Amino acid sequence: MRKLKEELRQRQAKGLYRRRRITETPQQPQMIIDGREVISFCSNDYLGLANHPSVVKAFQDTANIFGVGSGAAHLINGHTRNHHELEEALAEFTGRERSLLFSTGYMANLGLIQALVGPGDTVLADKLNHASLTDGALLSRARLHRYPHGDMNLLLKRLKEAEAGEKLIVTDAVFSMDGDFAPLPELAKLAQEYDAWLMADDAHGLGVLGKTGAGSLEHYGLNTAEVPILMGTLGKAFGTAGAFIAGSEELIEHLIQSARTYIYTTAMPAALAAATLVSLKIIVTEPERRNCLHELVGYFQQKARQFDLKLLPSNTPIQGIMLGDNLKALTVSERLFEQGFMVTAIRPPTVPAGTARLRITLSASHSEAQIDALIRSLLASIAIS
Ligand SMILES: *Cc1c(COP(=O)(O)O)cnc(C)c1O
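Model, not experiment: these values are computed from the prediction.

Asker: Explain the packing of aromatic side chains to me, please; I cannot follow it from the model alone.
Answerer: How two aromatic rings sit relative to each other is set out by the distance from centre to centre and by the angle between their planes. The tally for this structure, following the rule as stated, stands at 4 aromatic pairs. Aromatic side chains Phe93 and Phe238 sit 6.4 Å apart centroid to centroid with 85° between the ring planes, which places their arrangement in the edge-to-face category. In this pair, Phe93 is assigned in helix α4 (residues 81–94) and Phe238 in the loop between β8 (229–233) and β9 (243–247), connecting sequence segments 145 residues apart. An angle of 65° between the planes, with centres 5.6 Å apart, marks the rings of Phe102 and Tyr262 as edge-to-face. With a gap of 160 residues between them, Phe102 in strand β3 (residues 98–102) and Tyr262 in helix α11 (residues 260–263) connect regions that are remote in the sequence. For the residue pair Phe102 and Tyr262, the accessibility class agrees, reading buried in each case. Lying over the aromatic face of Phe337, Arg21 brings its terminal NZ or CZ to 3.7 Å of the ring centre.

Asker: Before we go on, may I ask you to explain the packing of helix α14 (residues 326–338) against helix α15 (residues 368–383) in this structure?
Answerer: When two helices pack together, their arrangement is given by the angle between the helix axes and by the axis-to-axis distance. Packing of α14 against α15 leaves a shortest axis separation of 9 Å and a crossing angle of 135°. Viewed along their axes, α14 and α15 adopt a mutual orientation that is oblique. Crossing hand, α14 versus α15: right-handed. In contact with Val332, Arg335 and Leu336 of α14, α15 contributes Ser377, Leu378, Ser381 and Ile382.

Asker: How do you make sense of empty space enclosed by the protein when you look at a structure like this?
Answerer: Space left empty within the atom packing is revealed by a probe, the size of a water molecule, rolled over the atoms. As enumerated under the stated definition, the model contains 1 cavity of 30 Å³ or more in all. Estimated volume of the largest cavity: approximately 80 Å³. Lining the largest cavity are Gln27, Gln28, Pro29, Ser40, Phe41, Cys42, Ser43, Asp45, Gly48, Ser363, Ser365 and His366. Taken together, the residues that form the lining of the largest cavity break down as 3 nonpolar, 8 polar and 1 charged.

Thresholds, definitions, all that
Residues numbered from 1 in each chain as written. Predicted model: local features only at pLDDT ≥ 70, side-chain atom pairs only at ≥ 80, totals over all residues. Heavy atoms only, no water. Phe/Tyr/Trp six-rings, centres within 6.5 Å; stacked < 30°, edge-to-face > 60°. Helix = DSSP H or I, 4+ residues; strand = E, 2+ residues; numbered from the N terminus. Buried < 20%, exposed > 50% of the residue type's maximum accessible area, 1.4 Å probe, protein only. Lys NZ or Arg CZ within 6 Å of the ring centre and 35° of its normal. Axes fitted to C-alpha atoms, helices over the stretch in contact; angles between N-to-C directions. Parallel < 35°, antiparallel > 145°, perpendicular 65-115°, else oblique. Left-handed = near helix turned anticlockwise from the far one by under 90°. Contact = heavy atoms within 4.5 Å. 1 Å grid on protein atoms, 1.4 Å probe; cavity = no way out; pocket = protein on both sides within 12 Å on 5 of 7 lines; lining within 4 Å. Points joined across faces, edges and corners; volume = space filled by probe spheres on them. Nonpolar A, V, L, I, M, F, W, Y, C, P; charged D, E, K, R; others polar.

Structure follows, in C-alpha coordinates:
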(Lines give C-alpha, C1' and ligand atoms only; values in the text may rest on other atoms or scores of the structure.)
Protein backbone atom coordinates (compact mmCIF):
# COMPACT_ATOMS: atom_id res chain seq x y z
CA MET A 1 0.00 0.00 0.00
CA ARG A 2 1.16 3.55 -0.70
CA LYS A 3 2.74 5.38 2.21
CA LEU A 4 0.46 8.40 2.07
CA LYS A 5 1.91 10.03 5.18
CA GLU A 6 5.40 9.91 3.71
CA GLU A 7 4.20 11.17 0.30
CA LEU A 8 2.44 14.11 1.93
CA ARG A 9 5.57 14.96 3.92
CA GLN A 10 7.69 14.92 0.75
CA ARG A 11 5.17 17.06 -1.06
CA GLN A 12 5.43 19.60 1.74
CA ALA A 13 9.24 19.62 1.54
CA LYS A 14 9.08 20.34 -2.21
CA GLY A 15 6.76 23.30 -1.75
CA LEU A 16 4.00 21.43 -3.55
CA TYR A 17 1.57 21.03 -0.68
CA ARG A 18 -1.86 22.53 -1.33
CA ARG A 19 -4.23 23.71 1.34
CA ARG A 20 -7.49 25.60 1.52
CA ARG A 21 -7.96 28.95 3.19
CA ILE A 22 -11.37 29.65 4.69
CA THR A 23 -13.32 32.58 3.27
CA GLU A 24 -15.94 34.41 5.35
CA THR A 25 -17.16 36.97 2.79
CA PRO A 26 -18.69 37.01 -0.70
CA GLN A 27 -16.41 37.43 -3.71
CA GLN A 28 -15.31 41.09 -3.75
CA PRO A 29 -11.95 42.85 -3.44
CA GLN A 30 -12.21 43.26 0.36
CA MET A 31 -12.50 39.85 1.93
CA ILE A 32 -11.96 38.08 5.22
CA ILE A 33 -9.90 34.98 4.64
CA ASP A 34 -8.49 32.81 7.44
CA GLY A 35 -9.68 35.50 9.84
CA ARG A 36 -7.62 38.23 8.17
CA GLU A 37 -8.83 41.25 6.20
CA VAL A 38 -7.28 41.07 2.75
CA ILE A 39 -7.66 42.56 -0.71
CA SER A 40 -8.23 39.67 -3.06
CA PHE A 41 -6.36 39.56 -6.36
CA CYS A 42 -7.05 35.94 -7.21
CA SER A 43 -10.74 35.63 -8.03
CA ASN A 44 -12.11 34.96 -11.52
CA ASP A 45 -15.13 37.15 -10.76
CA TYR A 46 -13.84 39.60 -13.39
CA LEU A 47 -16.91 41.83 -13.60
CA GLY A 48 -17.97 41.77 -9.96
CA LEU A 49 -21.18 39.83 -10.66
CA ALA A 50 -20.82 36.95 -8.16
CA ASN A 51 -22.47 39.06 -5.45
CA HIS A 52 -24.46 41.48 -7.61
CA PRO A 53 -27.84 42.26 -5.95
CA SER A 54 -29.90 41.55 -9.09
CA VAL A 55 -28.15 38.24 -9.67
CA VAL A 56 -28.66 37.25 -6.03
CA LYS A 57 -32.32 38.30 -6.19
CA ALA A 58 -32.99 36.22 -9.31
CA PHE A 59 -31.44 33.25 -7.53
CA GLN A 60 -33.62 33.79 -4.43
CA ASP A 61 -36.85 34.44 -6.37
CA THR A 62 -36.43 31.35 -8.51
CA ALA A 63 -35.53 29.20 -5.50
CA ASN A 64 -38.81 30.37 -3.95
CA ILE A 65 -40.68 28.99 -6.96
CA PHE A 66 -38.65 25.92 -7.99
CA GLY A 67 -36.96 25.01 -4.73
CA VAL A 68 -33.26 24.27 -4.64
CA GLY A 69 -32.59 20.90 -6.24
CA SER A 70 -33.44 20.22 -9.87
CA GLY A 71 -34.16 16.63 -8.87
CA ALA A 72 -33.00 14.84 -12.01
CA ALA A 73 -30.88 14.98 -15.14
CA HIS A 74 -31.88 17.22 -18.06
CA LEU A 75 -33.08 14.19 -20.03
CA ILE A 76 -35.36 13.01 -17.21
CA ASN A 77 -37.32 15.94 -15.77
CA GLY A 78 -34.67 18.36 -14.49
CA HIS A 79 -34.68 20.64 -17.56
CA THR A 80 -36.78 23.65 -16.49
CA ARG A 81 -37.97 26.62 -18.51
CA ASN A 82 -35.16 28.63 -16.84
CA HIS A 83 -32.50 26.26 -18.20
CA HIS A 84 -34.08 26.38 -21.62
CA GLU A 85 -34.29 30.19 -21.72
CA LEU A 86 -30.67 30.47 -20.62
CA GLU A 87 -29.56 28.11 -23.40
CA GLU A 88 -31.43 30.18 -25.97
CA ALA A 89 -29.98 33.43 -24.63
CA LEU A 90 -26.41 32.04 -24.62
CA ALA A 91 -26.82 30.86 -28.21
CA GLU A 92 -27.97 34.31 -29.26
CA PHE A 93 -25.18 36.00 -27.26
CA THR A 94 -22.50 33.90 -28.94
CA GLY A 95 -24.11 34.06 -32.39
CA ARG A 96 -24.66 30.33 -32.67
CA GLU A 97 -27.64 28.12 -33.47
CA ARG A 98 -27.79 26.34 -30.14
CA SER A 99 -26.12 26.03 -26.77
CA LEU A 100 -26.17 23.31 -24.13
CA LEU A 101 -25.70 23.74 -20.36
CA PHE A 102 -23.33 21.58 -18.34
CA SER A 103 -22.93 21.55 -14.56
CA THR A 104 -19.26 22.61 -14.71
CA GLY A 105 -16.66 23.59 -17.28
CA TYR A 106 -14.65 20.53 -16.39
CA MET A 107 -17.61 18.33 -17.30
CA ALA A 108 -18.36 20.27 -20.49
CA ASN A 109 -14.82 19.63 -21.76
CA LEU A 110 -14.86 15.96 -20.80
CA GLY A 111 -18.28 15.45 -22.37
CA LEU A 112 -17.55 17.28 -25.61
CA ILE A 113 -14.29 15.52 -26.38
CA GLN A 114 -15.55 12.09 -25.47
CA ALA A 115 -18.70 12.61 -27.58
CA LEU A 116 -16.77 13.73 -30.64
CA VAL A 117 -13.72 11.47 -30.84
CA GLY A 118 -12.71 7.96 -29.83
CA PRO A 119 -10.13 5.25 -30.56
CA GLY A 120 -8.56 5.81 -34.00
CA ASP A 121 -9.15 9.58 -33.87
CA THR A 122 -6.65 12.31 -32.98
CA VAL A 123 -6.80 15.17 -30.49
CA LEU A 124 -4.30 18.00 -30.92
CA ALA A 125 -3.86 20.17 -27.86
CA ASP A 126 -1.72 23.09 -26.71
CA LYS A 127 0.59 22.01 -23.87
CA LEU A 128 -0.65 24.82 -21.62
CA ASN A 129 -4.33 23.93 -22.00
CA HIS A 130 -6.53 23.60 -18.94
CA ALA A 131 -6.33 20.17 -17.27
CA SER A 132 -9.94 19.37 -18.19
CA LEU A 133 -9.09 19.41 -21.92
CA THR A 134 -6.22 16.99 -21.38
CA ASP A 135 -8.37 14.75 -19.20
CA GLY A 136 -11.17 14.80 -21.79
CA ALA A 137 -8.75 13.65 -24.47
CA LEU A 138 -7.40 10.86 -22.26
CA LEU A 139 -10.90 9.71 -21.40
CA SER A 140 -11.89 9.63 -25.09
CA ARG A 141 -9.07 7.13 -25.84
CA ALA A 142 -8.23 9.05 -29.02
CA ARG A 143 -4.54 9.63 -29.78
CA LEU A 144 -3.41 12.78 -27.96
CA HIS A 145 -0.68 15.07 -29.33
CA ARG A 146 0.24 18.01 -27.13
CA TYR A 147 2.13 20.66 -29.10
CA PRO A 148 4.44 23.24 -27.44
CA HIS A 149 2.58 26.39 -26.42
CA GLY A 150 1.40 28.29 -29.51
CA ASP A 151 3.69 26.32 -31.86
CA MET A 152 1.74 26.38 -35.14
CA ASN A 153 4.57 24.72 -37.10
CA LEU A 154 4.46 21.65 -34.90
CA LEU A 155 0.68 21.60 -35.04
CA LEU A 156 0.88 21.71 -38.84
CA LYS A 157 3.32 18.80 -38.80
CA ARG A 158 1.03 16.77 -36.55
CA LEU A 159 -1.99 17.54 -38.73
CA LYS A 160 -0.11 16.31 -41.79
CA GLU A 161 0.94 13.12 -39.99
CA ALA A 162 -2.47 12.40 -38.50
CA GLU A 163 -3.93 9.15 -39.77
CA ALA A 164 -7.48 8.55 -40.94
CA GLY A 165 -10.18 9.35 -38.45
CA GLU A 166 -11.52 12.52 -36.92
CA LYS A 167 -9.13 15.29 -35.94
CA LEU A 168 -10.01 17.65 -33.10
CA ILE A 169 -7.93 20.68 -32.12
CA VAL A 170 -8.67 21.89 -28.57
CA THR A 171 -7.31 25.08 -27.06
CA ASP A 172 -7.80 27.55 -24.24
CA ALA A 173 -8.74 30.80 -26.01
CA VAL A 174 -7.14 32.76 -23.16
CA PHE A 175 -4.63 30.59 -21.29
CA SER A 176 -5.80 30.32 -17.72
CA MET A 177 -2.44 30.51 -15.95
CA ASP A 178 -0.60 32.82 -18.39
CA GLY A 179 -3.35 35.13 -19.62
CA ASP A 180 -2.12 35.20 -23.22
CA PHE A 181 -4.26 34.48 -26.30
CA ALA A 182 -4.24 31.36 -28.43
CA PRO A 183 -3.52 32.22 -32.09
CA LEU A 184 -7.16 31.55 -32.97
CA PRO A 185 -7.12 32.92 -36.55
CA GLU A 186 -4.15 30.66 -37.43
CA LEU A 187 -5.75 27.71 -35.66
CA ALA A 188 -8.98 28.28 -37.59
CA LYS A 189 -7.11 28.36 -40.88
CA LEU A 190 -5.21 25.14 -40.13
CA ALA A 191 -8.38 23.41 -38.93
CA GLN A 192 -10.22 24.27 -42.15
CA GLU A 193 -7.28 23.26 -44.33
CA TYR A 194 -6.90 19.86 -42.66
CA ASP A 195 -10.60 19.17 -42.10
CA ALA A 196 -10.23 19.19 -38.32
CA TRP A 197 -12.74 20.24 -35.67
CA LEU A 198 -11.65 23.28 -33.67
CA MET A 199 -12.82 23.83 -30.12
CA ALA A 200 -12.08 27.01 -28.17
CA ASP A 201 -12.41 26.97 -24.37
CA ASP A 202 -13.21 30.61 -23.65
CA ALA A 203 -13.52 30.38 -19.86
CA HIS A 204 -11.51 33.58 -19.43
CA GLY A 205 -12.60 35.54 -22.51
CA LEU A 206 -16.36 35.34 -22.22
CA GLY A 207 -17.84 38.51 -20.72
CA VAL A 208 -14.39 40.09 -20.68
CA LEU A 209 -13.34 40.37 -24.34
CA GLY A 210 -15.09 41.60 -27.46
CA LYS A 211 -17.25 44.66 -27.92
CA THR A 212 -20.39 43.02 -26.52
CA GLY A 213 -18.51 40.69 -24.17
CA ALA A 214 -19.03 37.68 -26.43
CA GLY A 215 -15.40 36.75 -25.84
CA SER A 216 -12.28 35.80 -27.76
CA LEU A 217 -14.12 34.89 -30.97
CA GLU A 218 -15.74 38.31 -31.09
CA HIS A 219 -12.35 39.86 -30.31
CA TYR A 220 -10.89 38.14 -33.38
CA GLY A 221 -14.05 38.37 -35.52
CA LEU A 222 -14.26 34.58 -35.99
CA ASN A 223 -17.56 32.87 -36.89
CA THR A 224 -19.06 29.42 -36.35
CA ALA A 225 -17.61 28.07 -39.61
CA GLU A 226 -14.13 29.05 -38.46
CA VAL A 227 -14.47 27.89 -34.84
CA PRO A 228 -17.31 25.37 -34.80
CA ILE A 229 -17.15 24.58 -31.07
CA LEU A 230 -17.19 27.19 -28.34
CA MET A 231 -17.08 26.33 -24.67
CA GLY A 232 -17.78 28.95 -22.01
CA THR A 233 -17.89 28.77 -18.23
CA LEU A 234 -20.38 30.58 -16.01
CA GLY A 235 -18.28 30.57 -12.82
CA LYS A 236 -15.89 33.28 -13.96
CA ALA A 237 -17.03 36.60 -15.52
CA PHE A 238 -20.68 35.48 -15.24
CA GLY A 239 -20.22 35.17 -11.49
CA THR A 240 -22.43 32.09 -11.09
CA ALA A 241 -21.53 28.43 -11.80
CA GLY A 242 -21.77 25.92 -14.62
CA ALA A 243 -20.79 26.00 -18.27
CA PHE A 244 -22.09 25.64 -21.80
CA ILE A 245 -21.12 24.53 -25.27
CA ALA A 246 -22.36 26.54 -28.24
CA GLY A 247 -22.40 25.48 -31.87
CA SER A 248 -24.54 24.17 -34.67
CA GLU A 249 -27.92 22.48 -34.27
CA GLU A 250 -26.35 19.11 -35.16
CA LEU A 251 -23.45 19.48 -32.74
CA ILE A 252 -25.77 20.24 -29.82
CA GLU A 253 -28.20 17.43 -30.70
CA HIS A 254 -25.25 15.05 -30.93
CA LEU A 255 -24.07 16.12 -27.46
CA ILE A 256 -27.55 15.62 -25.99
CA GLN A 257 -27.50 12.06 -27.38
CA SER A 258 -23.94 11.13 -26.43
CA ALA A 259 -22.07 13.42 -24.00
CA ARG A 260 -21.86 11.22 -20.91
CA THR A 261 -21.17 14.13 -18.51
CA TYR A 262 -24.39 15.70 -19.79
CA ILE A 263 -26.57 12.61 -19.69
CA TYR A 264 -25.53 11.02 -16.42
CA THR A 265 -25.67 13.94 -14.03
CA THR A 266 -28.23 16.08 -12.23
CA ALA A 267 -29.16 19.35 -13.92
CA MET A 268 -27.88 22.53 -12.26
CA PRO A 269 -30.49 24.20 -10.02
CA ALA A 270 -33.09 26.24 -11.93
CA ALA A 271 -32.26 29.18 -9.64
CA LEU A 272 -28.69 29.11 -10.91
CA ALA A 273 -29.90 29.28 -14.52
CA ALA A 274 -32.18 32.21 -13.67
CA ALA A 275 -29.37 34.05 -11.88
CA THR A 276 -27.06 33.45 -14.85
CA LEU A 277 -29.64 34.89 -17.23
CA VAL A 278 -29.54 38.11 -15.20
CA SER A 279 -25.70 38.09 -15.28
CA LEU A 280 -25.84 37.76 -19.03
CA LYS A 281 -28.16 40.77 -19.26
CA ILE A 282 -25.72 42.82 -17.17
CA ILE A 283 -22.78 41.69 -19.32
CA VAL A 284 -24.62 42.89 -22.44
CA THR A 285 -26.14 46.11 -21.09
CA GLU A 286 -23.27 47.37 -18.92
CA PRO A 287 -20.17 47.51 -21.15
CA GLU A 288 -18.72 50.02 -18.67
CA ARG A 289 -17.78 47.10 -16.41
CA ARG A 290 -15.63 45.66 -19.19
CA ASN A 291 -14.13 49.05 -20.03
CA CYS A 292 -13.28 49.68 -16.39
CA LEU A 293 -11.63 46.25 -16.14
CA HIS A 294 -9.45 46.90 -19.20
CA GLU A 295 -8.46 50.31 -17.86
CA LEU A 296 -7.39 48.69 -14.60
CA VAL A 297 -5.35 46.08 -16.50
CA GLY A 298 -3.60 48.94 -18.31
CA TYR A 299 -3.05 50.77 -15.04
CA PHE A 300 -1.55 47.68 -13.39
CA GLN A 301 0.78 47.09 -16.36
CA GLN A 302 1.91 50.71 -16.40
CA LYS A 303 2.66 50.68 -12.65
CA ALA A 304 4.49 47.36 -12.96
CA ARG A 305 6.65 48.78 -15.75
CA GLN A 306 7.32 51.92 -13.76
CA PHE A 307 8.71 49.83 -10.88
CA ASP A 308 10.48 47.26 -13.04
CA LEU A 309 8.23 44.40 -12.07
CA LYS A 310 8.48 41.80 -14.86
CA LEU A 311 5.09 40.51 -15.98
CA LEU A 312 4.29 37.59 -18.25
CA PRO A 313 3.09 38.84 -21.65
CA SER A 314 -0.69 39.23 -21.33
CA ASN A 315 -3.31 41.84 -22.13
CA THR A 316 -6.07 40.16 -20.19
CA PRO A 317 -7.04 40.45 -16.50
CA ILE A 318 -4.75 37.46 -15.81
CA GLN A 319 -1.32 38.90 -15.00
CA GLY A 320 1.51 36.57 -14.02
CA ILE A 321 4.81 37.17 -12.30
CA MET A 322 7.21 34.30 -12.99
CA LEU A 323 9.26 33.24 -9.97
CA GLY A 324 10.32 29.75 -11.12
CA ASP A 325 10.97 28.12 -7.78
CA ASN A 326 8.01 26.53 -5.93
CA LEU A 327 9.09 27.51 -2.44
CA LYS A 328 9.87 31.06 -3.53
CA ALA A 329 6.43 31.46 -5.08
CA LEU A 330 4.87 30.09 -1.92
CA THR A 331 6.93 32.34 0.37
CA VAL A 332 6.10 35.48 -1.61
CA SER A 333 2.42 34.57 -1.65
CA GLU A 334 2.44 34.04 2.13
CA ARG A 335 4.27 37.29 2.73
CA LEU A 336 1.68 39.11 0.60
CA PHE A 337 -1.06 37.51 2.65
CA GLU A 338 0.51 38.74 5.88
CA GLN A 339 0.53 42.22 4.37
CA GLY A 340 -3.16 41.97 3.48
CA PHE A 341 -3.18 40.70 -0.13
CA MET A 342 -4.50 37.43 -1.42
CA VAL A 343 -2.47 36.41 -4.49
CA THR A 344 -2.09 32.71 -5.18
CA ALA A 345 1.15 30.90 -5.92
CA ILE A 346 0.55 28.64 -8.92
CA ARG A 347 2.80 25.61 -8.90
CA PRO A 348 3.22 22.33 -10.81
CA PRO A 349 1.38 20.34 -11.94
CA THR A 350 -0.98 23.24 -12.70
CA VAL A 351 1.94 24.81 -14.62
CA PRO A 352 5.10 23.12 -15.99
CA ALA A 353 7.95 22.33 -13.56
CA GLY A 354 10.24 25.31 -12.95
CA THR A 355 7.56 27.89 -13.84
CA ALA A 356 5.95 28.52 -10.45
CA ARG A 357 4.45 31.98 -10.43
CA LEU A 358 2.13 34.46 -8.83
CA ARG A 359 -1.16 34.74 -10.65
CA ILE A 360 -2.80 38.11 -10.20
CA THR A 361 -6.33 38.57 -11.47
CA LEU A 362 -7.99 41.94 -11.78
CA SER A 363 -11.67 42.70 -11.46
CA ALA A 364 -13.80 45.67 -12.49
CA SER A 365 -14.44 46.13 -8.76
CA HIS A 366 -10.81 46.91 -7.89
CA SER A 367 -9.64 50.50 -7.41
CA GLU A 368 -6.41 52.12 -8.59
CA ALA A 369 -5.48 52.69 -4.94
CA GLN A 370 -5.76 48.93 -4.27
CA ILE A 371 -3.49 48.26 -7.24
CA ASP A 372 -0.95 50.83 -6.00
CA ALA A 373 -0.89 49.12 -2.62
CA LEU A 374 -0.50 45.69 -4.22
CA ILE A 375 2.45 46.85 -6.32
CA ARG A 376 4.22 48.25 -3.23
CA SER A 377 3.67 45.02 -1.38
CA LEU A 378 4.78 42.89 -4.35
CA LEU A 379 8.05 44.81 -4.64
CA ALA A 380 8.76 44.43 -0.93
CA SER A 381 7.80 40.75 -0.78
CA ILE A 382 9.82 39.70 -3.83
CA ALA A 383 12.86 41.74 -2.76
CA ILE A 384 13.29 39.93 0.56
CA SER A 385 12.48 36.40 -0.63
C1 LIG B 1 -12.05 27.26 -14.97
C2 LIG B 1 -11.76 26.60 -16.25
C3 LIG B 1 -12.42 25.43 -16.64
C4 LIG B 1 -13.33 24.67 -15.71
O5 LIG B 1 -14.52 25.34 -15.48
P6 LIG B 1 -15.35 25.00 -14.15
O7 LIG B 1 -16.71 25.49 -14.46
O8 LIG B 1 -14.68 25.76 -13.05
O9 LIG B 1 -15.29 23.53 -13.96
C10 LIG B 1 -12.18 24.94 -17.90
N11 LIG B 1 -11.31 25.54 -18.73
C12 LIG B 1 -10.63 26.65 -18.37
C13 LIG B 1 -9.68 27.27 -19.34
C14 LIG B 1 -10.83 27.21 -17.12
O15 LIG B 1 -10.13 28.28 -16.75
